[in-house]
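Geometric and topological summary
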Amino acid sequence: MLPQGHAVPKSLEINPRFLFWEVEDVLITCVGIIVGGLLNHPFIGGGLGAIAAWIWRRLSSKCSRGFALHLTYWWLDGFQLERTPPSHKRRLLG
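All residue numbers here refer to positions counted from 1 along the written sequence of the relevant chain. pLDDT decides what is reported in this predicted model: residues at 70 or higher carry local features, side-chain atom pairs at 80 or more are listed and counted, and totals for whole chains, interfaces and linings draw on all residues regardless. Hydrogens and waters are ignored; side-chain quantities use all the structure's heavy atoms.

Comments concerning the overall build of the protein chain
- The helix count covers DSSP runs of H or I at least four residues long, the strand count covers runs of E at least two residues long, and both are numbered beginning at the N terminus. Per the secondary structure count, the protein chain includes three helices and two strands.
- Secondary structure elements of the protein chain occur, N-terminal to C-terminal, as β-β-α-α-α.
- Exposure classes here rest on a 1.4 Å probe applied to the protein chains alone. A residue is buried below 20% of its type maximum, exposed above 50%, and partly exposed in between. Of all 94 residues assigned to the protein chain, the portion counted as buried reaches 15%.
- In the protein chain, once contacts between residues fewer than 6 apart in sequence are set aside, the share between residues at least 24 apart is 27%.
- Accessible surface computed for the protein chain: about 8700 Å², of which carbon and sulfur atoms make up 68%. Working rule for contacts: check all heavy atoms of both residues, and any pair within 4.5 Å makes them a contact. Only the protein chains shown count as cover for residues, and all accessible areas are computed by the Shrake-Rupley method using a 1.4 Å probe.

Quick look at the structure:
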C-alpha cells in the first residue's frame, strides 16, 4: 500500500499583507509620509511614497522572492551571513 500524501496549502507562499496592500508597499508609503511630515508636507511625502511603492512593485515583480534582501546584501552590505563571503568578493574560487 502506497503512503498517501498531504496537500500543502498554497497560502504558505503568499507574501504578508496589510488590508489590500503588500507590506513592502505600506512600509515604503509610510516612510514617505514620515519624511514628508518631518518636512511639514505629509501629503506630498505620502504621494511621493505611493509613487515610490508603485515603482518598487514594478521592479520587484520581475525579480525573485526576497529581492529587497538581495539588494540589501549586495549593495548596502548591511549584514554578514554565516556561510557566505563578504559582498565585495564577487568571484569565488574553487
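Notes on the confidence of the model for the protein chain
- Averaged over all residues, the pLDDT of the protein chain equals 78, while 68% of them reach at least 70.
- Scored from 0 to 100, pLDDT records how confident the predictor is in each individual residue. Mean pLDDT across the elements of the protein chain ranges from a minimum in helix α3 (residues 67-76), with 74, to a maximum in helix α2 (residues 42-60), with 91.

A word on the packing of aromatic side chains
- Here is the rule: rings of Phe, Tyr and Trp (six-membered ring for Trp) pair when centre to centre is within 6.5 Å. Planes less than 30 degrees apart are stacked, more than 60 are edge-to-face, and the remainder are tilted. In the structure shown here, the tally under the stated rule is one aromatic pair.
- With a centroid separation of 5.9 Å and 85° between ring planes, the pair formed by F20 and W21 is classed as edge-to-face.

As for the packing of helix α1 (residues 23-38) against α2
- Think of each axis as a best-fit line through the C-alpha atoms, taken over the contacting stretch in the case of a helix, with angles from 0 to 180 degrees between the N-to-C directions. Remark: α1 packs on α2, axes separated minimally by 7 Å, with the N-to-C direction vectors making an angle of 150°. Our classification of the angle between α1 and α2 gives roughly antiparallel. Where α1 crosses over α2, the two elements pack in a sense that is right-handed. Two secondary-structure elements touch here, α1 through E24, D25, I28, T29, G32, I33, G36 and G37 and α2 through P42, G45, G46, G49, A50, A52, A53, W56 and R57. Each angle gets one of four labels, with under 35 degrees taken as roughly parallel, over 145 as roughly antiparallel, 65 to 115 as roughly perpendicular, and the rest as oblique. Note on convention: near helix rotated counterclockwise from far helix by under a right angle means a left-handed crossing. Clockwise means right-handed.

Describing the environment of D25
- By the element assignment, D25 lies in helix α1.
- With near-sequence residues (within four places) excluded, D25 lies in contact with A53, W56 and R57.
- Side-chain polar atoms of D25 contact the side chain of R57, separated by 2.3 Å. Pairs of N or O atoms are called polar contacts if they sit within 3.5 Å, as long as, within protein, a hydrogen donor faces a hydrogen acceptor (for residues adjacent in sequence, only side-chain-to-side-chain pairs).

Side note on the pattern of salt bridges
- Whenever Lys or Arg places a side-chain nitrogen within 4 Å of a carboxyl oxygen from Asp or Glu, that contact is recorded as a salt bridge. Enumeration according to the criterion identifies two salt bridges in this entry.
- R57 serves as the salt-bridge partner of E22, at 3.9 Å between the closest nitrogen and oxygen. Of this pair, E22 sits in strand β2 (residues 21-22) while R57 sits in helix α2; the two residues are 35 residues apart in sequence, bridging distant segments of the chain.
- For E22, a relative accessible area of 19% corresponds to the buried category.
- Judged by relative accessible area, R57 falls into the partly exposed class, the value being 36%.
- One network of salt bridges, in which partners are shared, links E22, D25 and R57.

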